[in-house]
Amino acid sequence: MKLVCDRIALSDALALASSVVPTRTTAAALSCLKFVARDGLLTISATDTEIGISTPVASVSISDEGEALIPADKLNQIVRASEDSTLSIDVNAKNVAVIKGQDSTFKIFGHEPREFPGVQAFPASKIEFETTAGMLGRLIHRTLFATAVDNSRYAINGVLVDRKGKKVRLVATDGRRLAVAKGECTRAGDGDAPQCIVPTKALNVLGKLLSDPDDPVAVARQDNLLIVRVGEGADAATLATRLVEGSFPPFEDVIPKEHDKRVTFDAGELTSAVRRAEILTNEESKGIRMAFGATQLVLSSRAPELGEAEITVDVEKYEGEPMEIGFNPKFIMDVLKVIDSPQVIIELKAPNKPGVIKAGNDFTYVVMPVSL
Amino acid sequence: MTGDATTSTRGWPRTILHVDMDAFYASVEQRDNPELRGKPVLVGGRGRRGVVGAASYEARRFGCRSAMPTGQALALCPHAIVVRPRFERYRADSDALMAILERFSPLVQPISLDEAFVDVTGSERLLGDGVAIARDIRRLVRAELSLTCSVGVAPNKFVAKLASDLEKPDGLTVLPPVGLAARLAPLALERMWGVGPVAAEALHRFGFRTFGDVQRANRDDFVSIFGDSGEHWYELSFGRDDRPVTIERTAASVGHEQTFGEDLRVAAEVERHLLAQAEDVAIRLRRKELKATRLTVKIRFGDFKTISRSTTLDSATDRTDVLCDAARKLFRAWAANGFRPVRLIGCTAGGLVEGPSQLGLFDVDRSEKQRAVDHATDLIRAKFGKGSIGRAGRPDADE
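Enquirer: In this structure, what is going on with the overall build of chain B? I would like to understand it.
Expert: Regarding its fold elements, chain B presents 14 helices and 14 strands. Looking at chain B as a whole, 47% of its 399 residues qualify as buried. Across chain B, every contact between residues at least 6 apart in sequence was considered, and the portion connecting residues at least 24 apart equals 66%. A total of about 19200 Å² of accessible surface is found on chain B, and carbon and sulfur atoms cover 52% of it.

Pasting the structure below:
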């Protein structure tokens, strides 16, 4: 395999593919990136056996077609440290890769390309739905933050994908708060798709693939894999991920159906107030008190041996009796960071019942209070 | 040295008290049971593998010491009376002691149930100087607890602890900053904090036996021989120690463990003991208003090999059922991989947090009901005693 490529384009593709490469592995092939140069195109692939990614590299000129398996770590360092505008990569039959710039020659010992486990190709016949990168990226952004690292009862180290007709929603929870983001498909298969749970890491990588909001996205299922294609034709990138096994908690049951208090805030003002109240909380007292009244919300916090804070926010509109409730400020800040509407609505029932934060019709966030 | 009690602590840079109860567990037993007074008492396990937790001064005269196997202590003092420890009782007395200390300063640092540092530097203007406060503390402990304690008054923690030990029992010792090095010089290095038998032997090998020996050493040479510890010891030999009295608001962990008279050969039996421990841990967490985020099970075998297994809990909890479930899971996962007879089992809750508690989304009904159950059992225990109610299957259920 022999080719010359634009260093910046190569660097971008390497960074993306490397985000899948496992940091610690005993299998040498998994710590490598696979290069395939064929029909004028260079594709770089990586896998940790759970998630696989294949991404095309723009601006390449191939003089000898072929395949190569090159250690990701060293290749990345070389390409990032280089100041050349183009680099040539030449891999011989003994799997030695020679990377040349204007004043540099690197030799890296690669591996036999056949040792690479491969990345599942996109199965065009099994498309579940199609949408845009902008839409899918927005749904991921609004849910991914709410996933758990680990939980002994439920499979919540991932995001639930649920499609009914052309409506798709992503749901994430860590057992204390729950984010539900809804969107529309541009095209969808018949009927409803079976729900599936996509691992957090895969969605993190996928988020990076979705950088151009206008890119078309197709999502397919095959066995216990979810395969996503971003872009069109030969320029399309593919991500395949194993799905999380296990059961998602009964999230529909915990979304409150009724409320008797409803407050409307300017999103910016609420964000500023919560951020300031959070200053005087600490690891042990992770709660801020929120006292809702007809015209004002008073937030207060206390950190033992440090001090106290009190912040007052004007309420745009309050319906219901005054009420006091405690929340972990992080859970409120997390959601305020991802909603982009100028107004937020908080619905409440009682100090020991979940609160609901809404932004528009397509986003619902349920958060359990802390008992003060 | 008690004559020092006339010294004033006015003008000292800091005034630190070290308060140490005299033969605490044994004294509590003698106070509560007049028949034990004036007699050698050993508080501890009675069995073949029992260990002395505390020895009364009458028993100490025969050489009995805490942490000594009960059998050995009884060989030294065959007529000693062995009493089973009642930790609940000691804890109540300890709480009362700390409450007395807190009347004199907010800076109270408990070291164990029967020992604490008090920084009274800021209290002297209001409550009298350090020596007067020490006298008041000793008077209140005697009046309110019917127990005696020894108090050391010094410019820092290390010297205060050293001082309280000099005139034990029932002593008050003041070691003022002026002339301190000379006062410490004749003391054996074994009295130095952090110098155990091994370190002492190393020091002896180089000819250091007293504080004075270290004071006379060349600092650089001394440090080059003993490293970081050497630096610390050198400072301590002059009575220099600038560690602050810190308020430990949260215990690092809450745990129970039990050594069996005979190794237990049946897994289910070990599990019963473990679950009872988990329940007791939950009760103590609730009493201290703490919640645990981690649970550790410790298992020791007949050959003293010890293993431990830990799990992180989904959320901070003080619920009996959650802690018992976690302990059971850890134990069964270990037992399924090859059970061996068990000499000791222990259960410790760690990663403790206090304050407001985050509610969960998916176990609302269960947690509210279980909380009510825990609350009810806590009330019943408080009223009718420890054996009155507990989870079914506790090994001590019939007591």
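Enquirer: Even after reading the chapter, I still don't get the pattern of salt bridges, so can you show me in this structure?
Expert: One side chain can pair with another of opposite charge once the charged atoms of both are near each other. Residue and element names in this part refer to chain B. The full count for this structure, using the stated rule, is 50 salt bridges over all chains. A salt bridge links aspartate 20 to lysine 168; its shortest N-O distance comes to 3.9 Å. Within this pair, whereas aspartate 20 is found in strand E1 (residues 16-21), its partner lysine 168 is found in the loop between helix H7 (157-166) and strand E8 (172-174), the two being separated by 148 residues in sequence. Look at aspartate 20 and you get buried, because its relative accessible area is 12%. By relative accessible area, lysine 168 is classed as partly exposed at 24%. A network of salt bridges, in which partner residues are shared, links Glu29, Arg31, Asp32, Arg86, Arg89 and Asp93.

Enquirer: What is the right way to read the interface of chain B and chain A from this model?
Expert: Often, the extent of an interface is quoted as the loss of accessible area on bringing the components together. Each partner contributes to the interface: chain B provides 17 residues, whereas chain A provides 29 residues. Roughly 1900 Å² of surface becomes buried between chain B and chain A when both sides are summed, with 54% attributable to carbon and sulfur atoms. The tally of links between chain B and chain A comes to 0 salt bridges. Summed over the shared surface of chain B and chain A, the result is 4 residue pairs in polar contact (both at pLDDT 80 or more). Broken down by secondary-structure element, the contributors of at least two residues to the side of chain B that touches chain A are strand E11 (306-317), strand E14 (357-358) and helix H14 (364-384) of chain B. If one sorts the elements of the side of chain B that touches chain A by residue count, H14(B) sits on top with 3 residues. For the side of chain B that touches chain A, the residue count by class is 5 nonpolar, 5 polar and 7 charged. By the bridge criterion, 2 bridges tie strand E28 (residues 370-371) of chain A to E14(B) in an arrangement that is antiparallel. Within E14(B), the position partnered with Ser371(A) by the bridge is Ser357(B).

Enquirer: What should I look at first to understand the sheet that holds strand E2 (residues 41-44) of chain B in this one?
Expert: Two pairing modes exist for strands in a sheet, parallel and antiparallel, and in both the strands are linked by backbone hydrogen bonds. Residue and element names in this part refer to chain B. Overall, mixed pairing links the 3 strands, which are arranged E3-E2-E4 in an open sheet. The outermost strands of the open sheet, each flanked by one partner alone, are strand E3 (52-55) and strand E4 (81-83). Each strand of the sheet is rotated relative to its neighbour by a mean of 30°, with strand direction disregarded. Two elements, E2 and E3, share 3 bridges in a ladder whose sense is antiparallel. Paired with leucine 42 across the bridge in E3 is alanine 55. Along the sheet, helix H1 (residues 24-32) contacts E2, E3 and E4; its crossing angle with E2, the most-contacted strand, is approximately 115°.

Enquirer: Would you mind going over the nonpolar core with me for this structure?
Expert: Side chains that are nonpolar tend, in soluble globular proteins, to be buried together. The biggest cluster of nonpolar side chains holds 100 residues, and the ones touching the most others in it are Leu33(A), Phe35(A), Phe265(A), Phe292(A) and Leu299(A). Setting aside anything within four residues of it in sequence, one finds Phe292(A) in contact with Val263(A), Phe265(A), Leu297(A), Tyr318(A), Pro322(A), Met323(A), Ile325(A), Ile346(A) and Leu348(A). Of all hydrophobic cores here, the second largest spans 37 residues; its members include Val28(B), Val41(B), Tyr90(B) and Ala134(B).

Enquirer: How should helix H9 (residues 197-205) of chain B be read in this particular structure?
Expert: Along an α-helix, residues three or four positions apart point the same way, because every turn accommodates 3.6 residues. All names here are of chain B. Within H9 the residues assigned to the buried category are Ala199, Ala200, Ala202 and Leu203. An end-on view of H9 places all buried positions within 160° of arc, on one side of the element. What points out from H9, more than 90 degrees from its buried face, is the exposed set Pro197, Val198, Glu201 and Arg205. Residues of H9 that are buried make contact with helix H11 (219-237).

Enquirer: Help me out: how do you make sense of the sheet that holds E1(B) in this one?
Expert: Residues and elements named next belong to chain B. Taken in spatial order, the 5 strands make up an open sheet running E5-E6-E1-E7-E8, and their pairing is mixed. Strand pairing shows two members of the sheet lacking a second neighbour, strand E5 (108-112) and E8, which therefore form its edges. On average, each strand axis in the sheet is tilted by 15° relative to the strand beside it, whichever way the strands run. In this structure, E1 lies alongside strand E6 (residues 115-119), joined through 5 bridges in antiparallel fashion. When the bridges of E6 are listed, valine 19 appears paired with alanine 116. Packed onto the sheet, helix H4 (residues 87-102) meets E1, E5 and E6 and runs at close to 155° relative to E5. Along the sheet face, H7 touches E1, E5, E6, strand E7 (149-154) and E8 and points at about 140° away from the line of E7.

Enquirer: Please explain the pairing of strand E24 (residues 323-327) of chain A as it appears in this structure.
Expert: Successive side chains on a regular strand alternate, one facing one side of the sheet and the next facing the other. Residue and element names in this part refer to chain A. Where burial is concerned, most of E24 is hidden: 4 out of the 5 residues are buried. Two strands pair when backbone bridges link them, and strand E20 (residues 288-292) and E24 are joined in this way by 5 bridges, in the antiparallel orientation. Its bridge partner being in E24, methionine 290 is matched across the sheet by isoleucine 325.

Enquirer: Got a minute to help me understand the confidence of the model for chain B in this structure?
Expert: Fine structural detail should not be taken from predicted coordinates in areas where pLDDT scores are low. Across chain B, pLDDT averages 86, with 95% of residues at or above 70. Model confidence for the complex is summarised by a pTM of 0.63, with the ipTM given as 0.79.

Enquirer: Help me out: how do you make sense of the packing of helix H6 (residues 267-278) of chain A against helix H7 (residues 329-338) of chain A in this one?
Expert: To characterise two packed helices, one gives the angle between the axes of the helices and the distance between these axes. Residue and element names in this part refer to chain A. With their axes 10 Å apart at the nearest point, H6 and H7 run at an angle of 150° to one another. Between H6 and H7, the interaxial angle falls into the category roughly antiparallel. As H6 packs across H7, the resulting crossing turns out to be left-handed. Residues Leu270, Thr271, Val274, Arg275 and Glu278 of H6 pack against Pro329, Lys330, Ile332, Met333 and Leu336 of H7. In the contact of H6 with H7, the residues fall into 6 nonpolar, 1 polar and 3 charged.

Enquirer: What should I look at first to understand unusual backbone geometry in this one?
Expert: In the segment running from Lys168(B) into Pro169(B), the intervening peptide bond is cis, with an omega of -5°. Structurally, the position occupied by Pro169(B) is in the loop between H7 and E8. Phi at Asn95(A) is positive, roughly 70°, even though this residue is not glycine. Structurally, Asn95(A) is set in the loop between strand E7 (86-91) and strand E8 (96-100). Here the phi dihedral of Ser146(B) falls at roughly 55°; this positive angle occurs in a residue that is not glycine. Relative to the elements of secondary structure, Ser146(B) occurs in the loop between helix H6 (130-145) and E7. Ser146(B) gets classed as partly exposed once you look at its relative accessible area, which sits at 48%.

Calculation rules
Residues numbered from 1 in each chain as written. Chains lettered and ligands numbered in written order. Predicted model: local features only at pLDDT ≥ 70, side-chain atom pairs only at ≥ 80, totals over all residues. Heavy atoms only, no water. Helix = DSSP H or I, 4+ residues; strand = E, 2+ residues; numbered from the N terminus. Buried < 20%, exposed > 50% of the residue type's maximum accessible area, 1.4 Å probe, protein only. Contact = heavy atoms within 4.5 Å. Areas by Shrake-Rupley, 256 points an atom, 1.4 Å probe, with all protein chains shown as cover. Salt bridge = Lys/Arg side-chain N within 4 Å of Asp/Glu carboxyl O. Buried area = accessible area lost by both parts, 1.4 Å probe. Polar contact = N/O pair within 3.5 Å; in protein donor to acceptor, adjacent residues only side chain to side chain. Nonpolar A, V, L, I, M, F, W, Y, C, P; charged D, E, K, R; others polar. Pairing = 2+ DSSP bridges. Axes fitted to C-alpha atoms, helices over the stretch in contact; angles between N-to-C directions. Core = buried A, V, L, I, M, F, W, Y, C linked by side-chain atoms within 4.5 Å. Arc of directions from axis to C-beta. pLDDT = per-residue confidence, 0-100. Parallel < 35°, antiparallel > 145°, perpendicular 65-115°, else oblique. Left-handed = near helix turned anticlockwise from the far one by under 90°.

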